[in-house]
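Residues per chain, in single letters:
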Amino acid sequence: MDCYDSREFSISNYCIENEILHNLTLELNTTCNLDCIHCYIPEKTNHGLGTQTILDIVDQANDMGVLNVILTGGEIFLRSDLLAIISYIRKKYMRVFLITNGTLLNLDIIEQLQALSIAELGISLYSTNRSIHDQITTKVGSYDETVFAIKSALRKGLRVAIKTAVMTTNSRYIPELKVFCDEHGIEPELACFITSKNNRDHSPRRFQVTDRHDMLSFLMCTLNKRSFLKELRGRDLESNPCSYCKNSLYIDSNGNVFPCNSFLVKVGNVLEDSLRAIWEGSAVLKAIQATKYSDIEGCPECSLAPYCSFCPGFSYLEYNDYLFCSDEHKSYIQCRKDYHNLILEGII
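Note on numbering: residues in each chain are counted from 1, in written sequence order. The predicted nature of this model means local features are confined to residues of pLDDT at least 70 and side-chain atom pairs, given and counted, to a pLDDT of 80 or more, with totals for whole chains, interfaces and linings taken over all residues. The side-chain quantities take in all heavy atoms of the structure and omit both hydrogens and water.

**Q** Outline the nonpolar core, supporting the account with residue identities and numerical values.
**A** Grouped together as the largest cluster of nonpolar side chains are 79 residues, with contacts concentrated most on Leu26, Leu71, Leu98 and Leu113. Helical segments are the DSSP runs of H or I of at least four residues, strand segments are the runs of E of at least two, and each set is numbered from the N terminus. The element best represented in this core is helix α13 (residues 327–344), accounting for 6 residues. By the convention used here, residues are in contact when the closest approach between their heavy atoms is within 4.5 Å. In contact with Leu26, not counting residues within four places along its chain, are Ile54, Ile57, Val58, Val69, Ile70, Leu71, Thr72 and Ile251. Take the buried Ala, Val, Leu, Ile, Met, Phe, Trp, Tyr and Cys residues and link them wherever side-chain atoms come within 4.5 Å; each set so joined is a nonpolar core. We call a residue buried when its accessible area falls under 20% of the maximum for its residue type, exposed when it is over 50%, and partly exposed in between, using a 1.4 Å probe and counting protein chains only. One finds Leu34, Ile41, Ile136 and Ile194 within the second-largest nonpolar core, a separate group that totals 12 residues.

Take a look at the structure:
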């Protein structure tokens, strides 16, 4: 969830500063009707926690003042109780964000989502080239099903977010995807890091864009110059590398709790302890929240700091050390610096 209106963003910042749980992501299952080539889920066999357990977690989150609930999978629409879960969350006046591949959506479901006033429908679209999208999902016809869901949801007035993993397979098709998004009034959410599977199987990493020219082309295509320049700032070495861990939690389909779905350091399990006990009492979580940039070797003297977008979760998954800054990450940040210099030189 990267997009907030100004009021919501202020609430989010307040929660970060005061370590108040604001966002809760629930992995409802790992089962999926697609088999995407870059997927980070190693075993697509977990049907998730029972309905009542999920509703109990929602109650706990509501008691703690959580505002945003993100439902993800697997493919969440494989759960027959999904709409009941969404309805229960909305009755608590909590905002619901959905992440789906869109292929199982029909007009009836979309109308029900409209009636439930969900905050956002996040749909994975990898290319506007039908064959490229289907190649990534490994299902012929998935492109047509996904685009149908996107256009139908937009016609019903739902807020749609297009989520795209950028990899070697689709990187050169991103300009066309952006045109599609512009035509439909959508700001695409583009992720340029392909992570290993959650069990540290590194096979999906073969799809990572590593060529500097290709990465720079990606940045030039996707970054807004004005927003990027405003984003650049000096590094506060006493700040936390992951502000998300100070206002958010992620619960997987076994009840394990992590800072987020990209930061898989286990901090508890909701089947063993309450959500509040984990948030307020987990020693592991407190250590993560207390981490500073100055704890990362080489960070204080790094000349790339103003351009940095360091993710401790990525480092932990890839290198088993969330305070490790890899050469691969530095190469990406160097590309961000090069992009900045091209702006200053008036080349772009």
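Picking up after the structure, the text goes on.
**Q** An account of the pairing of strand β2 (residues 68–72) is needed here, citing residue identities and associated values.
**A** Counting buried positions over the 5 residues of β2 gives 5, a clear majority of the element. Here β2 shows a buried face lined by Asn68, Ile70 and Thr72 and a second buried face lined by Val69 and Leu71. Each pair of strands is called paired provided DSSP finds at least two bridges between the two strands. As paired strands, strand β1 (residues 23–27) and β2 are joined by 5 bridges and run parallel to one another. Bridge pairing links Asn23 to Asn68 in β2. The handedness of a crossover follows from its direction of travel: if, with the strands pointing away from the viewer, the path from the first strand over the helix to the second runs clockwise, the crossover is right-handed. Assessed by its sense of winding, the connection that carries the chain from β1 through helix α2 (residues 51–63) to β2 is right-handed.

**Q** Mind laying out the side chain of Thr137, listing which residues take part and the relevant values?
**A** Here Thr137 shows up in helix α5 (residues 130–137). Residue class for Thr137 comes out buried when judged on its relative accessible area of 1%. Only 3.3 Å separates the side chain of Thr137 from the backbone oxygen of Asp134, close enough to count as a polar contact. Not counting residues within four places of it along the chain, the set of residues in contact with Thr137 comprises Leu34, Asp35, Cys36, Tyr126 and Ser142. Within 3.5 Å is the distance limit for a polar contact, defined as a pair of N or O atoms, with the added protein rule that one can donate a hydrogen and the other accept it, and that residues adjacent in sequence qualify only through two side-chain atoms.

**Q** Describe the environment of Val66, listing the residues and the values that go with them.
**A** By the secondary structure assignment, Val66 is in the loop between α2 and β2. Along the chain, Val66 and Phe310 lie 244 residues apart, while their C-alpha atoms are 26 Å from each other. Beyond its immediate stretch of four places on either side in the chain, Val66 contacts Leu21, His22, Asn23, Leu24, Ala61 and Met94.

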